[in-house]
Structures are given as structure tokens and as C-alpha cells.
Amino acid sequence: MANNTLLIKHTGTGKQVEYPLLKSTLGAETVEIRNLYKDLGCFTHDPGFVATASCTSKITYIDGDNGILLYRGYPIEQLAEHCEFTEVAYLLMHGELPNERELQDFNLEISDRAIIHESLRKFFDGFHYDAHPMAMLVGVVGSLSAFYHSEMNIKDPAQRLRAATRMIGKMPTIAAASYRHSVGRPFVYPRMDLSYCENFLNMMFSRSSQNYIDQDHYIDQDFVKALNLLFILHADHEQNASTSTVRLAASTGANPYACVAAGIAALWGPAHGGANEAVLNMLAEIGSVENVPKYIAKAKDHEDPFRLMGFGHRVYKNFDPRATIIRKTCHEVLSKTQTNDPLFELALAVEEHALKDEYFIEKKLYPNVDFYSGIIYKALGIPVDMFTVMFAIARTSGWVSHWLEMMDEPTTPISRPRQLYVGPTQRDLAIIKNL
Ligand code: ACO
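Presented here is an overview of the structure given in this document. None of the values given here were measured: they were computed from a predicted structure.

Quick word on the overall build of the protein
Inference 1: For the protein, the count of helices and strands is 19 helices and six strands.
Inference 2: Each principal axis of the C-alpha atoms in the protein carries an extent, and together these give about 80 × 60 × 60 Å.
Inference 3: Taken over 435 residues, the protein has a buried fraction of 47%.
Inference 4: Restricting to contacts in the protein with at least 6 residues of sequence separation, those with at least 24 account for 70%.
Inference 5: Of the accessible surface of the protein, which amounts to about 22,300 Å², a share of 52% is contributed by carbon and sulfur atoms.
Inference 6: Seen as two clouds, the 41 positive and the 51 negative side-chain charges of the protein have centres 7 Å apart.

Below is the structure:
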């Protein structure tokens, strides 16, 4: 509801209009300017949507200045410590945490939906062995729309919920299949007796002669715990680039599987979900601790395209709360695996140098969640080109929750931004001028 207003005056015409300031439950007030063009004949120019709220949402709240992240009001620290990923996915989708029975049913439904159609499985055969797993994920998730199109009436809430749960269920299966294809190993079917994270690890790492998880081959529950934590931390992050892409695609009434495939494509970029992979590539490029000062200097040089990957965030201008949680786990996993990977020592040296450097302090560039997540994934044996795929598995819960929220609104206008045109004014073809 509007309490205050914002007065906008066009100094050229002298016309002024008061616009309502909408009150949020937390965070900044937001000016409602949808009539600006009608009233004053102008648009707003905000490349990158730095100051533009594209929707109203009840799902996630971020206070970037104070390093706060809430899912449905619950602090990320509490959820990370006490919940399972599927509980958090339920919370994001439904608005409340599940009771014991609801969680049991939800877990059962997710396990039940983890299997993929045999024809969809064959899609992987069409990819070259060295195809990037994200390329396969985009293609195969988009293809789900071909399998469930007939039962996808987006006006029916029950069908919408089924589609959302189906995507959460199938994503680990498709993700693991992408990896198996790239290393030439046979597809591993999902198992209903395993938890979400255990099942994923089993589908990734089982060998035909030996299950990754069975009575003889014990899986370290600390690995499962670490994966569960990473999935919770990546589950949602309000209107980030990939979620906004899902919303934008969905605003046309597009099929939800296609919308999520669009989100996966947006996630892939190194400025977004591709950052965890980019961090590892950057560390490999830096090579050794002695080179750190040289690369810090390169990152500060505006003439040099090199940036410190895993540092900085559009919203957090303080420490990323997810990075604080994950940093601890990163140490725990590495001591557990007794990994003497020089990359970890290097990562700590980069972190230490950057945190002491005036440039990074002044610009409030802190390590973000992806600075540490890649290191943990590496210690868990996940290959580098699967890192963004891991992010996509977790973020699917956020994407589908935003999609459900959006579809629940009485009207969803098609997202159609305007532009500041700076091209040529109207002109004629030479043939017309010479007539
Ligand atoms: N290394 C060096 N300098 C940086 C970095 C960095 N990682 N990030 C920002 N800066 C500098 C910019 O050069 C700019 O300097 P200037 O003001 O002198 O021109 C200033 O800090 C502000 O940077 P912007 O790019 O304007 O900040 P923005 O909010 O648009 O970008 C972004 C945020 C894209 C995350 C950026 O910090 C970046 O590219 N980081 C590295 C990639 C990365 O880690 N991405 C993951 C994000 S988290 C996620 O998606 C889960």
C-alpha cells in the first residue's frame, strides 16, 4: 500500500506528477511508475535493472548492505544448519516448511519423478562426447516440454505443481546423465531408497560393477551434508539474472520446462552461475601463490580484462552470508578428504590478499558463494565443468517457485521493456532519394 509519494517533475514542460511509493514488508520502498509514459511521455533508463523492481514477490529477501538472506522469512543460516534441501525446496514452493508427513510425501513424489522417459535418455546419444554438460542440460530440460506438453495446462494449479515437482525430481537425473555421457559411462537409474543428495552422488559415481552407495560401499555422510548445504545456499536468490529470465519467458505463457531451460542458459554465463567454474579456471591460470600479487594488480587494472572471479556481487555490498557459511564447510570437507590440493592454498592466498587490498575494500568486493563452492565440489570429486550444473540442480527449486508465484497472480502482463533508441533517425534508401 502507498503511504508516501514521489514527485516527478518534467523541467521541460513544467508538468509534475506524484507517484505512489509502495511499502515492502522489508527493504526499500518502491515507486510505482507504470503510468510515467502516459503522464509525462518518458521512459525510465535502467540498464541491468539496477534500481528496478520487475515484480512483487514473497519468496526471498536480500539485504545486500547488511549481508542478510531470508527464504520465506527464515534466515539462511538457520535453514542451512537445520534443514534438508528438499524441505527448503518445499518451503520455497509452498511458503511454509512442511510437517513430517508433508515432507515424507514430498520426498516420495520427488523420488518417484526422478526417472526420465527412455526416449529422453536417448537424447544424450545425439551429443558429442565432449559436449559441455550445461549445453546438454539446456537441451534436455527444454525437451521435457515435448514429453509433458499435453498435460501442461498452466491455468490448472494442480498441473502447475506437478510440473514444478517433476523438474526438481528430474534435474539430478538429467545432470548426472550429462556427466556420464561426457565420460562415456552408462546411465545410472535413480533409486527411491536414497535421499536427494545421496541419489545424485550415486547416479554420478556408481560403476557398473559397484554401486557408489550400497552396504559394502559406504558413502561419507559428511559429503552428503556438504552437498545438501550447497544446494540450500544456491536454492534461491530473488530476482537474479536466471530467475528473471524464467519470469520473462513465463510472462508469454510459455511452457514451464522451456522457461526453466531459458533460466539454465542464463545461469551458464561467468558473471552468474558460471562463476564457480570460472574461479577454478582462474586459480589454474594464477598457478601459484607467488603469482597472486601480480593477478590482484591485473584485476585492479581497468585496461586489463582480468577480473577476480568469485569476488563482488550485484546485491551484496557486504560479505555474502552464503560465503560465510560455506567457507567453514570448505575447510571441514578439505580436512576430511585430506586434500593437499595446492589450489586450496592458492584460493586462501587470493582471498587473504584481496581482503587486505584497498581497491577491494573500497569497492566492497568480498568473496561470493561461488568462490568457495567450486573448491568444495572439487574435493567431492565433481568435475569442474559440472559446477554450474550443480548450481542449476539447486536453483531449479527457486525457478519453479517463482514460476508458481507468477502463475498464481490474477494477471501477469507480458514482460516487454522499453528502450532508449540512439540509432539513426528515419532516412530513405538511395533508390528512393534518386527517384
Ligand atoms: N574483480 C575486479 N574488479 C571488480 C570485480 C572483480 N571481481 N567486480 C567488480 N569490480 C569493480 C568494477 O571494475 C567496478 O569498478 P569501477 O567502479 O572502478 O568501474 C566496480 O567494482 C563495480 O563493479 P560492477 O561490475 O559495476 O558491479 P556489478 O554489481 O555490476 O557486478 C558482478 C557484479 C557481475 C558479480 C561483478 O562483481 C563480477 O563480475 N564479479 C566476478 C564474477 C562473479 O564472481 N560472479 C558471480 C556472482 S554471484 C552469483 O551469481 C552466484
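Details of the sheet that holds strand E6 (residues 74-75)
Pairing between sheet strands relies on hydrogen bonds along the backbone, with the strands arranged either parallel or antiparallel.
Inference 1: Spatially, E4-E5-E6 is the arrangement adopted by the three strands of the open sheet, whose pairing is antiparallel. Of all strands in the sheet, those bounded by a partner on one side alone are strand E4 (60-63) and E6.
Inference 2: Here E4 runs beside strand E5 (residues 68-71); their pairing, made up of four bridges, is antiparallel. Along E5, the bridge assignment pairs Ile62 with Leu69.

With respect to the packing of helix H12 (residues 275-286) against helix H15 (residues 342-356)
Inference 1: Put simply, H12 and H15 touch, their axes get as near as 10 Å, and they point 95° apart. Comparing the axis directions of H12 and H15 gives the class roughly perpendicular. Each of Leu280, Leu283 and Ile286 in H12 lies in contact with H15, whose residues at this interface are Leu343, Leu346, Ala347 and Val350.

Examining a nonpolar patch on the surface
Inference 1: Together, Leu429, Ile431, Ile432 and Leu435 make up an exposed nonpolar region whose accessible area comes to about 500 Å².
Inference 2: As for its placement among the helices and strands, Ile431 is situated in helix H19 (residues 430-433).

Regarding the nonpolar core
Inference 1: Membership of the largest hydrophobic core comes to 120 residues, with the highest contact counts inside it found for Tyr71, Leu137, Phe200, Phe231, Leu308 and Ile382.
Inference 2: No other element matches helix H18 (residues 387-408), which puts 13 residues into this core.
Inference 3: Filtering out sequence-adjacent residues up to four positions away, Leu308 remains in contact with Met282, Ile296, Ala299, Val350, Ala354 and Phe360.

Some remarks on the environment of Thr25
Inference 1: Within the fold, Thr25 resides in the loop between strand E2 (16-22) and strand E3 (30-31).
Inference 2: Once the C-alpha coordinates of Thr25 and His237 are considered, the two residues, 212 residues apart in sequence, prove to be 17 Å apart.

Some remarks on the packing of aromatic side chains
Inference 1: In the structure shown here, the tally under the stated rule is 17 aromatic pairs.
Inference 2: Judged by centre distance (4.9 Å) and plane angle (85°), the ring pair of Phe187 and Tyr189 falls under edge-to-face.
Inference 3: Of the residues examined, Tyr189 reaches a relative accessible area of 38% and is grouped as partly exposed.
Inference 4: Within the aromatic cluster, the residues linked to one another by ring pairs are Phe311, Tyr359, Phe360, Phe371 and Tyr372.
Inference 5: One Lys or Arg, Arg166, reaches over the ring of Tyr148 and ends 3.9 Å from the middle of that ring.

Some remarks on the pairing of E5
Inference 1: Connecting E4 to the next strand, E5, in antiparallel fashion are four residues, including Gly67 with a positive phi near 65°.
Inference 2: Pairing between E5 and E6: two bridges, direction antiparallel. Its bridge partner lying in E6, Leu70 is registered against Pro75.
Inference 3: Linkage of E5 to E6, two consecutive antiparallel strands, is achieved through a turn of two residues, within which Arg72 is found at a positive phi near 50°.

What to know about the site of the ligand
Inference 1: Contacts to the ligand come from 21 residues, most closely from His302, Arg307, Leu308, Gly310 and Lys363.
Inference 2: Taking Leu308, its main chain carries an N or O atom lying 2.8 Å from a nitrogen atom of the ligand.
Inference 3: In this structure, an oxygen atom belonging to the ligand sits 2.8 Å away from a side-chain N or O atom of Lys363.
Inference 4: Contact with the protein chains covers 74% of the free accessible surface of the ligand, which is 920 Å².
Inference 5: Among the residues making up the shell around the ligand, the classes are represented as 10 nonpolar, six polar and five charged.

A short note on H12
Inference 1: When the terminal C-alpha atoms of H12 are compared, their 16 Å separation across 12 residues agrees well with the 16 Å that a helix rising 1.5 Å per residue should span.
Inference 2: Of all the 12 residues making up H12, nine are buried; the element is thus mostly covered by neighbouring parts of the structure.
Inference 3: Check the buried side of H12 and you find it contacts helix H13 (292-300), H15, helix H17 (369-379) and H18.
Inference 4: Gly287 sits one or two residues past H12 and shows a positive phi near 85°.

Section: the packing of helix H9 (residues 221-233) against helix H14 (residues 321-337)
Inference 1: Viewed as axis vectors pointing N to C, H9 and H14 meet at an angle of 160°, and their least axial separation amounts to 11 Å. The angle between H9 and H14 falls in the class roughly antiparallel. For the element pair H9 and H14, the recorded crossing hand is left-handed. Along its contact with H9, which presents Asp222, Phe223, Ala226, Leu229, Leu230 and Leu233, the element H14 presents Arg322, Ile325, Ile326, Thr329, Val333, Lys336 and Thr337.

Here we look at unusual backbone geometry
Inference 1: Located in the positive-phi region is Glu238, a residue other than glycine, with phi close to 40°.
Inference 2: Here Glu238 is to be found in the loop between H9 and helix H10 (241-250).
Inference 3: Judged by its relative accessible area of 22%, Glu238 is partly exposed.
Inference 4: One non-glycine residue, Lys364, lies in the positive phi region at around 55°.
Inference 5: Turning to its location among the elements, Lys364 is positioned in the loop between helix H16 (358-362) and H17.
Inference 6: Its relative accessible area of 43% is what places Lys364 among the partly exposed residues.

Criteria and thresholds
Residues numbered from 1 in each chain as written. Predicted model: local features only at pLDDT ≥ 70, side-chain atom pairs only at ≥ 80, totals over all residues. Heavy atoms only, no water. Helix = DSSP H or I, 4+ residues; strand = E, 2+ residues; numbered from the N terminus. Buried < 20%, exposed > 50% of the residue type's maximum accessible area, 1.4 Å probe, protein only. Contact = heavy atoms within 4.5 Å. Areas by Shrake-Rupley, 256 points an atom, 1.4 Å probe, with all protein chains shown as cover. Lys, Arg positive; Asp, Glu negative; His and termini not counted. Charge placed at Lys NZ, Arg CZ, Asp CG, Glu CD. Pairing = 2+ DSSP bridges. Axes fitted to C-alpha atoms, helices over the stretch in contact; angles between N-to-C directions. Parallel < 35°, antiparallel > 145°, perpendicular 65-115°, else oblique. Patch = residues over 30% accessible without salt bridge, like charges linked within 9 Å, V, L, I, M, F, W, Y side chains within 5 Å. Salt bridge = Lys/Arg side-chain N within 4 Å of Asp/Glu carboxyl O. Core = buried A, V, L, I, M, F, W, Y, C linked by side-chain atoms within 4.5 Å. Phe/Tyr/Trp six-rings, centres within 6.5 Å; stacked < 30°, edge-to-face > 60°. Lys NZ or Arg CZ within 6 Å of the ring centre and 35° of its normal. Near = heavy atom within 4 Å. Polar contact = N/O pair within 3.5 Å; in protein donor to acceptor, adjacent residues only side chain to side chain. Nonpolar A, V, L, I, M, F, W, Y, C, P; charged D, E, K, R; others polar. Expected span 1.5 Å × (residues − 1). Left-handed = near helix turned anticlockwise from the far one by under 90°.

So yeah, pure geometry; function would need other evidence.
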